[in-house]
Amino acid sequence: MARVILGVAGGIAAYKACEVIRRLRDSGHDVRVVPTANALNFVGATTWEALSGHPVATEVWPGAAEVPHVRLGQQADLVLVAPATADLLARAAAGRADDLLTNILLTARCPVVVFPAMHTEMWLHAATRANVATLRERGAVVADPDSGRLTGADSGPGRLPDPVEIRAVAETLLELPALAGPAAARDLAGLRVVVSAGGTQEALDPVRFLGNHSSGLMGIGIARAARLRGAEVTLVAARMDHEPPAGVAVRRVVSTGDLAEVMTELAPAADVVIMAAAPADFTAARPAEHKIKKEGREGLTLDLVQTTDVLAALAAGRRPGQTVVGFAAETADNRAELVRLGTAKLARKGADLLVCNDVSGGRVFGDADTAAVIIDRAGIVAECAGSKDVVAHSIVDAVLAHRGHPAHPVTP
Ligand code: CTP
């Protein structure tokens with residue numbers, strides 16, 4: 001159980017913070033809400049108190065004998081601000097201490113993560129850009145807003161990400177506090193990362209397809225991790241059970257053929273290419289134009305042909321300085337066998353790094369947690385286990401190490 005302070009600033013997205021509290025409490029965390037006075041214009045104190053199980057205050061004066069403006073910040077394991085308005089970012093960047101939340105931001109010694117939400121013009125304004133840069137320099141993690149519908153008829157970047165996304169980032173920071181703090185660099189800034197995710201679908205006829213159990217969670221985790229660490233990220237998404245993370249460009253694909261086409265288009269401009277998707281290895285030799293009828297058939301034999309090996313093609317065509325990462329889903333009896341199979345696959349595909357998962361007994365597919373051994377041509381470079389978001393950061397660390405980056409790995 002962690003102690004989380006949830007700061008809420010006065011924006012319309014404040015209502016979404018109600019669900020963030022629920023989700024964090026479902027994970028067993030103790031959540032204290034610190035709204036700004038303006039936030040109470042959107043959602044009242046009673047709602048925050050009922051959802052969090054704690055009293056709320058906006059100013060430093062109530063209960064002054066307990067010095068809450070210092071104690072709350074000092075004792076927290078995570079300070080999360082969602083939504084953060086342009087005004088809150090400005091006050092935080094200026095180091096002001098004019099209400100309880102800004103006092104907490106000055107006294108917190110734990111990771112601080114901020115989710116801005118505002119109109120696109122305000123988000124893109126030079127003043128806001130400068131405030132975000134200042135907060136990041138000082139070690140706060142400032143997440144990207146989502147793009148989409150804003151209040152009224154407007155649309156663009158500025159939406160508060162979904163509470164699922166906010167919880168994912170909060171949980172990762174609780175496990176990997178090195179992602180925040182003055183020493184934490186946005187160590188992927190300037191790099192372009194293309195990552196594929198999800199399972200492809202190969203049409204058999206107009207209504208049926210061959211597919212697989214990939215949920216897309218691993219690729220989504222990698223896209224989220226790379227974006228949080230400053231990369232420009234494109235997610236090439238086959239069918240996924242979950243939404244893409246905020247702040248990444250998304251290209252949707254259906255079949256392995258589509259995936260091959262889009263990856264081949266995007267790879268030349270990428271510094272890092274990661275194939276976390278589960279492409280079908282076989283596709284129908286000739287998909288039926290009309291629905292295959294069962295009448296008059298005892299059974300059905302499918303005529304399948306092999307698809308392109310996208311990873312092998314990308315590795316063969318990689319440009320100098322580009323890092324190509326693949327995955328290996330293997331059913332191995334033990335770790336040595338997993339590494340042996342992975343090493344053979346790495347050589348076959350020609351990738352720089354291979355993330356080897358043991359999928360015996362249906363493990364890994366769709367699960368929130370995973371375990372992996374990351375190898376390069378010289379052998380094992382890392383072993384990791386935990387949530388797919390935490391493992392994603394291990395993969396990012398391995399990529400940076402492979403690129404000779406003088407990184408401070410964020411994973412242990
Ligand atoms: N992959 C790919 N194109 C395919 C099949 C797989 O790019 N047509 C990629 C996957 O995204 C993954 C890696 O290759 O990064 C290994 O996938 P995996 O299914 O483990 O290996 P396969 O090549 O399919 O070999 P096999 O199933 O025979 O073990």
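What counts and how
- Residues numbered from 1 in each chain as written.
- Predicted model: local features only at pLDDT ≥ 70, side-chain atom pairs only at ≥ 80, totals over all residues.
- Heavy atoms only, no water.
- Helix = DSSP H or I, 4+ residues; strand = E, 2+ residues; numbered from the N terminus.
- Rg over C-alpha atoms; globule rule 2.2 N^0.38 Å.
- Buried < 20%, exposed > 50% of the residue type's maximum accessible area, 1.4 Å probe, protein only.
- Contact = heavy atoms within 4.5 Å.
- Areas by Shrake-Rupley, 256 points an atom, 1.4 Å probe, with all protein chains shown as cover.
- Lys, Arg positive; Asp, Glu negative; His and termini not counted.
- Charge placed at Lys NZ, Arg CZ, Asp CG, Glu CD.
- Near = heavy atom within 4 Å.
- Polar contact = N/O pair within 3.5 Å; in protein donor to acceptor, adjacent residues only side chain to side chain.
- Disulfide = S-S within 2.5 Å.
- Pairing = 2+ DSSP bridges.
- Phe/Tyr/Trp six-rings, centres within 6.5 Å; stacked < 30°, edge-to-face > 60°.
- Lys NZ or Arg CZ within 6 Å of the ring centre and 35° of its normal.
- Domains from an automatic or database assignment.
- Buried area = accessible area lost by both parts, 1.4 Å probe.
- Expected span 1.5 Å × (residues − 1).

**Observations regarding the overall build of the protein**
Then step 1. Of the regular secondary structure elements, the protein holds 13 helices and 19 strands.
Then step 2. For 412 residues, the compact-globule formula gives about 22 Å, and the C-alpha radius of gyration of the protein, at 23 Å, lands near that figure.
Then step 3. Along the first, second and third principal axes, the C-alpha set of the protein runs to 80 × 55 × 40 Å.
Then step 4. Across the 412 residues of the protein, 53% fall into the buried class.
Then step 5. In the protein, 68% of the contacts between residues at least 6 apart in sequence involve partners at least 24 apart.
Then step 6. By element, 52% of the accessible surface of the protein is carried by carbon and sulfur atoms, the whole surface being about 18,800 Å².
Then step 7. Computed over 41 positive and 46 negative side-chain charges, the inter-centroid distance for the protein is 1 Å.

**Side note on the environment of A108**
Then step 1. For A108, the location among the structural elements is in the loop between α5 (100-107) and β4 (112-116).
Then step 2. Here the alpha-carbon distance between A108 and G317, two residues 209 residues apart in the chain, equals 48 Å.
Then step 3. Residue contacts for A108: discarding those within four places in its chain leaves G73 and V79.

**Let's talk about the site of the ligand**
Then step 1. Taken together, 17 residues form the shell around the ligand, and within it M275, L311, F327, K345 and K349 come nearest.
Then step 2. One of the backbone nitrogen or oxygen atoms of T308 is found 2.9 Å away from a nitrogen atom of the ligand.
Then step 3. A distance of 3.0 Å separates an oxygen atom of the ligand from a polar atom in the backbone of A329.
Then step 4. Considered on its own, the ligand offers 570 Å² of accessible surface; in the complex 77% of this is hidden by protein.
Then step 5. Only α11 (310-316), β16 (323-330) and α12 (335-349) provide two or more residues apiece to the shell around the ligand.

**Concerning the state of the cysteines**
Then step 1. Counting across every chain of the model gives 0 disulfides.
Then step 2. The closest cysteine sulfur to the non-disulfide-bonded C356 is located on C384, 10 Å from its own sulfur.

**Quick look at the pairing of strand β6 (residues 146-149)**
Then step 1. Relative to strand β7 (residues 155-159), β6 runs antiparallel, the two being bridged by 4 bridges. The residue bridging S147 from the neighbouring strand is P157, located in β7.
Then step 2. Counting the residues that bridge the hairpin from β6 to β7 gives 5 residues, and of these G152 lies at a positive phi of roughly 75°.

**Side note on the packing of aromatic side chains**
Then step 1. Under the definition given, this model contains 0 aromatic pairs.
Then step 2. For the cation-ring pair, R129 lies above W123, with the distance from its terminal atom to the ring centre recorded as 4.4 Å.

**Examining the environment of G158**
Then step 1. Looking at where G158 falls in the secondary structure, it is placed in strand β7.
Then step 2. Accessibility expressed as a relative area gives 3% for G158, which makes it buried.
Then step 3. Measuring from C-alpha to C-alpha, the distance between G158 and A203 comes to 37 Å, with 45 residues separating the pair along the chain.
Then step 4. Excluding anything up to four places from it in sequence, G158 contacts P116, A117, M118, P145, D146 and L150.

**Focus: the domain arrangement of the protein**
Frequently, the measure chosen for interface size is the accessible area that the parts lose on association.
Then step 1. Per the domain assignment, the segments of the protein are domain 1 (3-185) and domain 2 (192-402).
Then step 2. Using C-alpha coordinates to define each centre, domain 1 is positioned 34 Å away from domain 2.
Then step 3. In this assembly, 12 residues from domain 1 lie in contact with 11 residues from domain 2.
Then step 4. Across the domain 1 to domain 2 interface the summed buried area is about 1,000 Å²; carbon plus sulfur atoms make up 63%.

**Observations regarding the pairing of β4**
Then step 1. By the criterion of burial, β4 is predominantly enclosed, with 5 of the 5 residues buried.
Then step 2. Burial of β4 is two-sided: the residues V112, V114 and P116 facing one way and the residues V113 and F115 facing the other way are all buried.
Then step 3. Pairing geometry for strand β3 (residues 78-84) and β4, over 4 bridges, is parallel. By the bridge assignment, V79 is partnered in β4 with V112.
Then step 4. Bridge analysis of β4 against strand β5 (residues 141-142) gives 2 bridges, and the strand direction is parallel. Counterpart to V114 in the pairing with β5 is V142.

**Focus on helix α1 (residues 14-26)**
Then step 1. For α1, with 13 residues, the first-to-last C-alpha span of 19 Å sits near the 18 Å given by 1.5 Å per residue.
Then step 2. When α1 is considered as a whole, its buried residues turn out to be A14, K16, A17, C18, V20, I21 and L24.
Then step 3. Its buried side turned inward, α1 meets β1 (3-8), β2 (30-35), α2 (45-52), β3, β7 and α8 (163-175).
Then step 4. Once α1 finishes, G28 follows within two positions and takes phi at roughly 95°, a positive value.

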